[in-house]
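Here's the letter readout for the chains.
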Amino acid sequence: MVWKLITYTELYAPVPPYKSTFAIGVVEDEKGNRVIARIDRKYFGRLKSNMIGEVIDEWTAFGALKKFIPKEEVRTPKVALITGGSGGIGSAIAIELAKAGYAIALSDVVYNKDTEKTLEIVKSLGVDSMFVAIDVSNRESVEKGVSEVINKFGRIDVLINNAGITRDAYLQRMTPEDWDTVIKINLTGAFYCSRAVVPHMTRYGGGVVVNISSIVGLIGNVGQTNYAASKSGLIGITYTLAKELAPYGIRVVAIAPGFVKTRMALAVPKSILRDYLKRSPIPRLIEPEEVAKLVRHVVENEALNGVVIPIDLGLTISSPRA
Ligand SMILES: NC(=O)c1ccc[n+]([C@@H]2O[C@H](COP(=O)([O-])OP(=O)(O)OC[C@H]3O[C@@H](n4cnc5c(N)ncnc54)[C@H](O)[C@@H]3O)[C@@H](O)[C@H]2O)c1
């Protein structure tokens, strides 16, 4: 039986008791019989009157519901926005998500040879891409950058809060500026970006936010009070937003890498790096591509929400939390 969507409304506020957003439509069969049916939020932004589809009876925890499944699903490519995308991990994530078919919005405060190379590789993978200048620590810059991405692609489905810096010093030598700068970029930046992007995810029925934390946010590290606080803070953001945004189909996950072979890790004093490798059950640095593969898994696996996933060659289990 073929059904036609007569009229519909997208419900952006979760309706109790479902803890979920969805659309409600009036649908009509070939004989002119009309019923009210529920429509999955994944069709948000793409529903149109007179769309053809089928109606099924779906059993849910709340009883049987009529569900309309549109046939003419217009396939717009999904879009991933990566902050700090000119750096080692951000660049690897952009390439991995391009392999998964995402259009890529690469953002950073700097545009350099690495940015150019990343964009070239992304392009060679056959997906659309753009560079957008975003300083995550500046709210206006974040809002302007997100608007640019929406103007070009119309949607953002994945946000990778990856931009980050270190300003290491022992407590007494750590200046208030070192503290403020790290917190502003690593933590407040993720807040600004999530706040600007989430309404666009809601409009398209969902999305995924991945926060790039660190094992330092789980177990601490001498000389990194500011960095550790920012990375633990990202875990708090993850737990909270995972609860708050689930009704809108948005998942939020943090990943916590150990030392990854990038500019950031290679700037660490050799003695600290040696000590780290001595403690690690698998004594080597992690490749940015290995982190990127985990991010892709998080994006694709719809059961992951509100968790922190270490990727650390076993370091956290061999580090006493003394
Ligand atoms: N490398 C590691 O060992 C390691 C381990 C755990 C977590 N991380 C985290 O991974 C993320 C990426 O780090 P990386 O190792 O690729 O370092 P990286 O220095 O190569 O890249 C960081 C990127 O962030 C950008 N950035 C800095 N300030 C910014 C701002 N205000 N706005 C936007 N972008 C800004 C930089 O320009 C750079 O391109 C960081 O959040 C870092 O804390 C890194």
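Everything below is about the structure shown above.
Residues numbered from 1 in each chain as written. Predicted model: local features only at pLDDT ≥ 70, side-chain atom pairs only at ≥ 80, totals over all residues. Heavy atoms only, no water.

Another point: the overall build of the chain. Of the regular secondary structure elements, the chain holds 9 helices and 12 strands. Expressed as a percentage of contacts within the chain between residues at least 6 apart in sequence, the contacts between residues at least 24 apart total 67%. As displayed, the chain offers around 15900 Å² of accessible surface, 55% of which is attributable to carbon and sulfur atoms. Here the chain carries 40 positive and 33 negative side-chain charges, and the mean point of each set is 2 Å from the other. (Helix = DSSP H or I, 4+ residues; strand = E, 2+ residues; numbered from the N terminus. Contact = heavy atoms within 4.5 Å. Areas by Shrake-Rupley, 256 points an atom, 1.4 Å probe, with all protein chains shown as cover. Lys, Arg positive; Asp, Glu negative; His and termini not counted. Charge placed at Lys NZ, Arg CZ, Asp CG, Glu CD.)

Inspection of the secondary structure puts Ile237 in helix H6 (residues 225-245). Of the residues examined, Ile237 reaches a relative accessible area of 18% and is grouped as buried. Sequence spacing of Ile237 and Ala64 is 173 residues, and the spatial spacing of their C-alpha atoms is 36 Å. The contacts of Ile237, once residues within four sequence positions are left out, are Leu187, Phe191 and Asn211. (Buried < 20%, exposed > 50% of the residue type's maximum accessible area, 1.4 Å probe, protein only.)

Looking now at helix H4 (residues 176-203). Between its terminal C-alpha atoms H4 stretches 40 Å, which fits the 40 Å expected from 28 residues at 1.5 Å a residue. The sharpest bend along H4 measures roughly 40 degrees and falls at Thr188. Positive backbone phi, at 80 degrees, marks Gly205, one or two positions downstream of H4. (Expected span 1.5 Å × (residues − 1). Bend = angle between axes of the 7 residues up to and from the residue.)

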